[in-house]
Amino acid sequence: MLDIADVPGLRPTSERIRETLFNWLTPVISESRCLDLFAGTGALGLEALSRGAKSAVFVENSARAAAVLQHGIAKLGAENATLIRTDAFNFVRTYAEEPFDIVFVDPPFASDSVPELCRLLSESRALDRQARVYIEQDRKQPQPELPAGWSLAKNKTAGNVRYALLTT
């Protein structure tokens, strides 16, 4: 079980949603490069690693959440995990290394940043040609308009959460 930092707005993705998400990702998770934006507890990226992902980069801006996540990464011995303490928007805007196959976009629940992050990701060098982008948001927020060339592969709601898997 992962430790959870006491940070306003931090809420880990539920086990039920994670199970559905990783069932969706089963065909593509092996040897994938993953990016966990707004990593928080790191639950999504760490689960990806446990299911065969080659590597995961965790982006977390909160010093407290990053410290707890770093401890969790060390405790699990996840050597193919990299934690970067920075703003998710700045990370995507400036990223210029090897592209990611899977990106998890799970901002703080009250945030309405999913559409802007999808736009930035589509304009960045962060995504592989056939990347999957997972988004999670308050179900009251409208489904984001997708960038050109992106499509909705899966979409569900659970309680107050809307979550979807997009293809690029």
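Right, let's walk through the structure included here. (Residues numbered from 1 in each chain as written. Predicted model: local features only at pLDDT ≥ 70, side-chain atom pairs only at ≥ 80, totals over all residues. Heavy atoms only, no water.)

Describing the overall build of the protein
Part 1 of the reasoning: When helices and strands are tallied, the protein shows 5 helices and 7 strands.
Part 2 of the reasoning: Reading the protein from its N end, one meets helices and strands in the order α-β-α-β-α-β-α-β-α-β-β-β.
Part 3 of the reasoning: At 14 Å, the protein has a C-alpha radius of gyration in line with the 15 Å of a compact globule built from 168 residues.
Part 4 of the reasoning: The principal-axis extents of the C-alpha atoms in the protein amount to approximately 40 × 35 × 30 Å.
Part 5 of the reasoning: A total of 168 residues make up the protein; the buried ones form 49% of that total.
Part 6 of the reasoning: Summarising the internal contacts of the protein: among those between residues at least 6 apart in sequence, 65% fall at separations of at least 24.
Part 7 of the reasoning: Of the roughly 8,500 Å² that the protein leaves accessible, carbon and sulfur atoms contribute 47%.
Part 8 of the reasoning: Averaging the locations of the 19 positively and 21 negatively charged side chains of the protein gives two centres separated by 4 Å. (Helix = DSSP H or I, 4+ residues; strand = E, 2+ residues; numbered from the N terminus. Rg over C-alpha atoms; globule rule 2.2 N^0.38 Å. Buried < 20%, exposed > 50% of the residue type's maximum accessible area, 1.4 Å probe, protein only. Contact = heavy atoms within 4.5 Å. Areas by Shrake-Rupley, 256 points an atom, 1.4 Å probe, with all protein chains shown as cover. Lys, Arg positive; Asp, Glu negative; His and termini not counted. Charge placed at Lys NZ, Arg CZ, Asp CG, Glu CD.)

Some points on the packing of helix α1 (residues 15-29) against helix α2 (residues 43-50)
Part 1 of the reasoning: Look at α1 against α2: their axes get within 11 Å of each other, and the N-to-C directions meet at 45 degrees. On the basis of the axis angle, α1 is oblique to α2. Every pair of crossing elements has a handedness; the one defined by α1 and α2 is right-handed. Judged by residue contacts, Arg 18, Leu 21, Phe 22 and Ile 29 of α1 engage Ala 43, Leu 44, Glu 47 and Ala 48 from α2. (Axes fitted to C-alpha atoms, helices over the stretch in contact; angles between N-to-C directions. Parallel < 35°, antiparallel > 145°, perpendicular 65-115°, else oblique. Left-handed = near helix turned anticlockwise from the far one by under 90°.)

Some details on the pattern of salt bridges
Part 1 of the reasoning: Applying the stated criterion to the full structure yields 5 salt bridges.
Part 2 of the reasoning: We note a salt bridge from Glu 98 to Arg 33, for which the minimum N-O separation is 3.6 Å. Taken as a pair, Glu 98 in the loop between α4 (88-94) and β4 (100-105) and Arg 33 in strand β1 (residues 33-37) lie far apart in primary sequence, 65 residues in all.
Part 3 of the reasoning: A residue is classified by how much of its surface remains accessible, and Arg 33, at 12% relative accessible area, is buried.
Part 4 of the reasoning: Where salt bridges share partners, they join Arg 18, Glu 47 and Arg 51 into one cluster. (Salt bridge = Lys/Arg side-chain N within 4 Å of Asp/Glu carboxyl O.)

Focus on the pairing of strand β2 (residues 55-59)
Part 1 of the reasoning: Across the 5 residues of β2, 5 count as buried, placing the element largely inside the fold.
Part 2 of the reasoning: Every second residue of β2 is oriented toward a common face, with Ser 55, Val 57 and Val 59 on one face and Ala 56 and Phe 58 on the other, all of them buried.
Part 3 of the reasoning: As judged from the 5 bridges shared by β1 and β2, these two strands associate in the parallel manner. Across the sheet, the residue bridging to Cys 34 is Ala 56, located in β2.
Part 4 of the reasoning: Following the chain from β1 across α2 to the adjacent parallel β2, one finds a crossover that is right-handed.
Part 5 of the reasoning: The parallel pair β2 and strand β3 (residues 81-84) is bridged by helix α3 (residues 63-76), and the resulting crossover is right-handed. (Pairing = 2+ DSSP bridges. Right-handed = clockwise from strand over helix to strand, strands pointing away.)

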